Amino acid sequence: ANVRVTHNEVPQEILDRLSITKSQMTGFYNNLLALPNVEGALVLQTCNRFEIYFTGKDEEPGISEVKKFMLDRYGADISKYMISASYVDTLRHLFQVVSSIDSLMVGENQILAQVRESYEFAKDNNFTGRILDPIVQKSLFIGKRIRSETKISNGKVSISSAAVDLANKHTPLSGKNVMIIGT
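On a predicted model such as this, the values are computed, not experimentally measured, just so you know. (Residues numbered from 1 in each chain as written. Predicted model: local features only at pLDDT ≥ 70, side-chain atom pairs only at ≥ 80, totals over all residues. Heavy atoms only, no water.)

*Asks:* Honestly, the sheet that holds strand 3 (residues 49-55) in this entry has me stumped. Any pointers?
*Replies:* The strands making up a sheet are joined through hydrogen bonds of the backbone, oriented either antiparallel or parallel. With respect to topology, four strands assemble into an open sheet ordered 2-3-1-4, the strand pairing being antiparallel. A strand with exactly one partner marks an edge of an open sheet, and here the two such strands are strand 2 (40-46) and strand 4 (83-85). Across this sheet, the average inter-strand angle for adjacent strands is 15°, counted without regard to direction. Judged from the five bridges that link them, strand 1 (residues 2-6) and strand 3 form a sheet pairing that is antiparallel. Across the sheet, the residue bridging to Asn2 is Tyr53, located in strand 3. The sheet contacts of helix 3 (residues 59-74) involve strand 1, strand 3 and strand 4, and relative to strand 3 the element is tilted by about 145°. Strands strand 2 and strand 3 of the sheet are contacted by helix 6 (residues 129-149), whose axis makes an angle of about 45° with strand 2. (Pairing = 2+ DSSP bridges. Helix = DSSP H or I, 4+ residues; strand = E, 2+ residues; numbered from the N terminus. Axes fitted to C-alpha atoms, helices over the stretch in contact; angles between N-to-C directions. Contact = heavy atoms within 4.5 Å.)

*Asks:* Please clarify how the packing of aromatic side chains should be interpreted in this entry.
*Replies:* Aromatic ring pairs are described here by two measures, namely the spacing of the ring centres and the angle between the planes. This model, assessed by the stated rule, comprises six aromatic pairs. Between Tyr29 and Phe127, the aromatic rings sit 4.4 Å apart at their centres with planes inclined by 5°, giving stacked as the arrangement. With a gap of 98 residues between them, Tyr29 in helix 2 (residues 22-33) and Phe127 in the loop between helix 5 (110-124) and helix 6 connect regions that are remote in the sequence. Each of the two residues, Tyr29 as well as Phe127, counts as buried. Residue class for Phe127 comes out buried when judged on its relative accessible area of 5%. Taken together, Phe28, Phe50, Phe69 and Tyr74 form an aromatic cluster joined through their ring pairs. (Phe/Tyr/Trp six-rings, centres within 6.5 Å; stacked < 30°, edge-to-face > 60°. Buried < 20%, exposed > 50% of the residue type's maximum accessible area, 1.4 Å probe, protein only.)

*Asks:* Would you mind going over the environment of Asn31 with me for this structure?
*Replies:* As for its position among the elements, Asn31 is in helix 2. The sequence separation of Asn31 and Phe69 amounts to 38 residues, and the corresponding C-alpha distance is 8.7 Å.

*Asks:* Before we go on, may I ask you to explain the pattern of salt bridges in this structure?
*Replies:* Two side chains of opposite charge can pair, provided their charged atoms sit close to one another. Enumeration over the complete set of coordinates arrives at seven salt bridges. Between Lys22 and Glu117 there is a salt bridge, with its nearest N and O atoms 3.9 Å apart. Linking Lys22 in helix 2 with Glu117 in helix 5, this pair joins segments that are 95 residues apart in sequence. Taken individually, Lys22 and Glu117 each receive the classification exposed, so the pair is uniform in this respect. Here Glu149 and Arg145 are joined by a salt bridge, their closest N and O atoms 2.8 Å apart. With a gap of four residues between them, Glu149 and Arg145 both fall in helix 6, about one helical turn apart. Overall, the relative accessible area of 54% leaves Glu149 in the exposed class. (Salt bridge = Lys/Arg side-chain N within 4 Å of Asp/Glu carboxyl O.)

Okay, here's the thing in structure tokens:
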């Protein structure tokens, strides 16, 4: 299953609040895995998404437990931005994430590396469990294959490169110094 808050119609201040430092990550996982219906988990945290993929004994109670866990940690106001998915929809969503179909810029490459990094941390610390582990491995394989066998990553595939192209179209930037302020 999956509980997430992503870039779709979510204020940036909400996304900014949903974060875990590296030093907090192990404790976060331990608290998550202490929930009665969570046996394996993967936390994916980027600037545009915060997602918890998990497996457990009973899916619907597990989804409720993970939602409550997030609400208790990050505040009740995030509830209107939370999306949850059951098994098949979670798989579909994970494959869309690793293939970068579900990205601000379709085809961007960074998300696959971010999923891999999150997975490696979770696997190295035995957080993924026997069911989630091969699912994430397969999704990473598929994400890599999509990039090598399609043209999804051709062209401008990051917000920053698209912004530079747009600015250059309106005011040629050649020979100019540019400073970007903001996030």
